[in-house]
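Coordinate inspection notes
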There are 2 protein chains.
Amino acid sequence: MPLENISCNKTAGGWHKQYTHRSEVLNCDMRFAIFLPPQTAAGQKVPVLYWLSGLTCTDENFMQKAGAQRIAAELGVAIVAPDTSPRGEGVEDDPAGSYDFGLGAGFYVNATEAPWNRHYNMYDYIVNELPALVEAHFPVSDQRAISGHSMGGHGALMIAMRNPERFSSVSAFSPIANPMNCPWGQKAFTGYLGSNTETWKQYDSSELIRKAEKKLPMLVDQGTHDNFYIEGQLRTETLAAAAKANNYPVEIRMQDGYDHSYYFMATFIEDHLRFHVEHFNK
Amino acid sequence: MPLENISCNKTAGGWHKQYTHRSEVLNCDMRFAIFLPPQTAAGQKVPVLYWLSGLTCTDENFMQKAGAQRIAAELGVAIVAPDTSPRGEGVEDDPAGSYDFGLGAGFYVNATEAPWNRHYNMYDYIVNELPALVEAHFPVSDQRAISGHSMGGHGALMIAMRNPERFSSVSAFSPIANPMNCPWGQKAFTGYLGSNTETWKQYDSSELIRKAEKKLPMLVDQGTHDNFYIEGQLRTETLAAAAKANNYPVEIRMQDGYDHSYYFMATFIEDHLRFHVEHFNK
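Definitions and limits used
Residues numbered from 1 in each chain as written. Chains lettered and ligands numbered in written order. Predicted model: local features only at pLDDT ≥ 70, side-chain atom pairs only at ≥ 80, totals over all residues. Heavy atoms only, no water. UniProt positions renumbered as here; feature names shortened; annotations may be inferred. Helix = DSSP H or I, 4+ residues; strand = E, 2+ residues; numbered from the N terminus. Rg over C-alpha atoms; globule rule 2.2 N^0.38 Å. Buried < 20%, exposed > 50% of the residue type's maximum accessible area, 1.4 Å probe, protein only. Areas by Shrake-Rupley, 256 points an atom, 1.4 Å probe, with all protein chains shown as cover. Lys, Arg positive; Asp, Glu negative; His and termini not counted. Charge placed at Lys NZ, Arg CZ, Asp CG, Glu CD. Salt bridge = Lys/Arg side-chain N within 4 Å of Asp/Glu carboxyl O. Phe/Tyr/Trp six-rings, centres within 6.5 Å; stacked < 30°, edge-to-face > 60°. Axes fitted to C-alpha atoms, helices over the stretch in contact; angles between N-to-C directions. Parallel < 35°, antiparallel > 145°, perpendicular 65-115°, else oblique. Left-handed = near helix turned anticlockwise from the far one by under 90°. Contact = heavy atoms within 4.5 Å. Pairing = 2+ DSSP bridges. pLDDT = per-residue confidence, 0-100. Buried area = accessible area lost by both parts, 1.4 Å probe. Polar contact = N/O pair within 3.5 Å; in protein donor to acceptor, adjacent residues only side chain to side chain. Nonpolar A, V, L, I, M, F, W, Y, C, P; charged D, E, K, R; others polar. Least-squares fit on C-alpha atoms with pLDDT ≥ 70 in both.

- The name that an unreviewed UniProt entry assigns to chain A is S-formylglutathione hydrolase, with the source organism given as Photobacterium angustum.
- Per UniProt, chain A has the following entry under Sequence similarities (unreviewed entry): "Belongs to the esterase D family."
- In its Function (unreviewed entry) section, UniProt records this for chain A: "Serine hydrolase involved in the detoxification of formaldehyde."

Laid out in structure tokens, this is it:
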């Protein structure tokens, strides 16, 4: 699988780079970004934080707005930011043009419904294809953590709980924590997976956490003034209750006054990076 | 002059807010952003860093991408980011639709040529109207510093040198340091100021630094891999030579491998904020 480098910026003593490649599981060309900390220039293999972004985002939003590179450079962690859906020529979008289904809104599932099942297999892309590509081409170790925001927070929690042997820790900002029971999740799961809600449970963090056997270190930050939280799209309490029922030790921090924006993430990303580093090599 | 608050995000324990207001000197409605650090919630009056952005930017780019709030919160400094030109209904744009003249490209001058002289008076806006507005409405002291990037680096250096009593220090990233002698500056100055190059000198930092009497603390960061630097748009060396001729103690740091992007600024903005704080209250 060849990679094409399309941009390169020095930052925080390391390098932010964007690559394109053919994705077999998504059946289209994809772009992702990687931050390589300065330690890699000296030949060191570093652990990787996979970052999953939210609705409408690409690989760029987090890299440009979260201010994560400064601390990743200090800690010696690479960051990989994929796109949020398949994209490009021939990839179907929501005919209604909504922001919360289709392009930019892959919800990190493997679609089973036509026509979405031709390209919308973000679960396989994030779990298998992308890490294999990253580990084949960059100076990284097999230590992995995963985090994300909103739809990407859902993706991070869900993927980590289904693949606890692949990640040493997981965190999320403002995750869609119970997608089966919120408008965003119901719309996406109906479209990608069909109307049998039994098949939705494998992608719902509040369902998964109730039955999880291997328990990963898990940190969740949620702003109290987040409109989507207030409107019931995120359902942090459902996750908290399900975790408690299974004695899953998730740390959920309600952050007073913060909203759903990158201004919130930029405030606490340092905590998340330090949290993940604490759990590498254990 | 009433202000209308149009957005508010908690970040780094403080507040990022956007406001609109009628500008008398620009003869249009304008938007700016302010970051108020947590110290202001306790009633403390804080110094202000004015940040001038580059071509095509608005008040948003720096606030979203530089990661400055974290350190401004620690240091107790407010940041004010204005727009880069007059804007909105009735404001002329370059009929050719270029990115380097007209909207988003005010160059921080007072235009003398029609039709630009109806609105394009960014010099007066930044020097007088905006600080008066900020100081009337927010818990800030009369301690001011100024910084900026590219076209905004030109604006910061030029405005500080012409108004040394109003600022305690000045800094710039990748400034257009000798606009009279580069394609960007020549195009803008011809359009806004006419063809008499004598009138251009009052807006050229390399001219101003040669004659400056009051010498402000001045810090400039320039990336060695900045394409615009390599193409001759920035002319850092001309500024350095003119400063030397007048014994103006500017610190110019050539930063190896860095380019013209926000990834560069995000790397060194902490140094700039600490530099300005060192010179407040002296």
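**Examining the overall build of chain A**
- Of regular secondary structure, chain A possesses 9 helices and 9 strands.
- Taken against the 2.2 N^0.38 rule, which gives 19 Å for 282 residues, the C-alpha radius of gyration of chain A at 17 Å falls within 12% of a compact globule.
- Residues classed as buried in chain A amount to 63% of the 282 residues present.
- Total accessible area on chain A stands at roughly 10200 Å², and carbon and sulfur atoms take up 48% of it.
- Each charge sign in chain A was given a centre, from 23 positive and 32 negative side chains, and these centres are 5 Å apart.

**Some thoughts on the pattern of salt bridges**
Residues and elements named next belong to chain A.
- Taken as a whole and judged by the stated rule, the model has 26 salt bridges over all chains.
- Measuring nitrogen to oxygen at the nearest pair gives 2.7 Å for the salt bridge that ties Asp-83 to Arg-87.
- Of the residues examined, Asp-83 reaches a relative accessible area of 4% and is grouped as buried.
- The salt bridge partner of Arg-253 is Asp-221, with a shortest N-O separation of 2.7 Å. Placement of Arg-253 in strand β9 (residues 250–255) and of Asp-221 in strand β8 (residues 218–223) is noted, with a sequence separation of 32 residues between them.

**Observations regarding the packing of aromatic side chains**
Residue and element names in this part refer to chain A.
- Counting across every chain of the model gives 38 aromatic pairs over all chains.
- With centroids separated by 5.1 Å and ring planes inclined at 70°, the aromatic side chains of Tyr-19 and Phe-138 adopt a geometry described as edge-to-face. Taken as a pair, Tyr-19 in strand β2 (residues 14–23) and Phe-138 in the loop between α3 (122–137) and β6 (140–148) lie far apart in primary sequence, 119 residues in all. By the burial criterion, Tyr-19 is buried, and Phe-138 matches it.
- Between Trp-116 and Tyr-192, the ring centres sit 6.0 Å apart and the planes meet at 85°, which makes this aromatic pair edge-to-face.

**Notes on the packing of α3 of chain A against helix α4 (residues 151–162) of chain A**
Residue and element names in this part refer to chain A.
- Between α3 and α4, the shortest axis-to-axis distance is 11 Å and the interhelical angle comes to 60°. Comparing their axes, α4 and α3 come out oblique. The element α3 and its partner α4 pack so that their crossing is right-handed. On α4, the residues that touch Tyr-123, Ile-126 and Val-127 of α3 are Met-158, Ile-159 and Arg-162.

**Section: the pairing of strand β4 (residues 46–52) of chain B**
All names here are of chain B.
- Among the 7 residues that make up β4, 7 are buried, leaving the element largely enclosed by the rest of the structure.
- Where β4 and strand β6 (residues 140–148) come together, 6 bridges link them in parallel fashion. Counted as the bridge partner of Trp-51 is Ser-147 from β6.
- Taken together, the 3 bridges between β4 and strand β5 (residues 78–82) define a ladder with parallel strand orientation. Following the sheet pairing, Leu-49 is matched in β5 by Ile-79.

**Regarding the confidence of the model for chain A**
- Per-chain confidence: chain A averages 97 in pLDDT, with 99% of residues scoring 70 or above.
- Here the predicted complex carries an ipTM of 0.94, next to a pTM of 0.96.

**With respect to the interface of chain B and chain A**
- Chain B puts 22 residues into the contact, and the matching count from chain A is 22 residues.
- In total, about 1800 Å² of surface goes out of reach between chain B and chain A, with carbon and sulfur atoms giving 46% of it.
- If you sort the residues of chain B by the area they bury against chain A, Lys-10, Gln-64 and Tyr-263 of chain B come out on top, with a joint share of 40%.
- The interface formed by chain B and chain A contains 16 residue pairs in polar contact (both at pLDDT 80 or more).
- Of the residues that constitute the side of chain B that touches chain A, the class distribution is 7 nonpolar, 9 polar and 6 charged.

**Focus on the UniProt feature "active site" (unreviewed entry) in chain A**
Residue and element names in this part refer to chain A.
- The UniProt feature table records "active site" (unreviewed entry) at Ser-150, Asp-226 and His-260. Over a stretch of 111 residues, the named residues converge on one spot in the fold, their C-alpha atoms separated by at most 10.8 Å.
- Looking at where Ser-150 falls in the secondary structure, it is placed in the loop between β6 and α4.
- In contact with Ser-150, not counting residues within four places along its chain, are Gly-54, Phe-173, Ser-174, Pro-175, Ile-176, Trp-184 and His-260.
- Looking at the secondary structure, you find His-260 in the loop between β9 and α9 (262–279).
- Side chain to side chain, His-260 and Ser-150 meet in a polar contact 2.9 Å long.

**Quick notes on the side chain of Asn-246 of chain A**
- For Asn-246 of chain A, the location among the structural elements is in the loop between α8 (236–245) and β9.
- Not counting chain neighbours up to four residues away, the residues in contact with Asn-246 of chain A comprise Ile-209, Arg-210, Lys-211, Ala-212 and Lys-215 of chain A.

**What to know about the relation of the copies chain B and chain A**
- Once chain B is rotated about the relating axis by 180° and shifted along it by 0.0 Å, it coincides with chain A to within an RMSD of 0.0 Å. Such a combination of turn and shift is consistent with a two-fold rotation axis. Across chain B, the rotation axis passes nearest the C-alpha of Lys-65 of chain B, at a separation of 2.4 Å.
- The share of interface residues of chain B whose copies in chain A are also at the interface is 100%, consistent with both copies meeting through the same surface.

**Thoughts on unusual backbone geometry**
- In this chain, Ala-114 of chain A is followed by Pro-115 of chain A through a cis amide linkage whose omega measures 0°.
- Here the phi dihedral of Arg-235 of chain A falls at roughly 55°; this positive angle occurs in a residue that is not glycine.
- Relative to the helices and strands, Arg-235 of chain A resides in the loop between α7 (227–230) and α8.
- For Ala-12 of chain B, which is not glycine, the phi torsion reads 55° and is therefore positive.
- Relative to the elements of secondary structure, Ala-12 of chain B occurs in the loop between β1 (3–11) and β2 (14–23).

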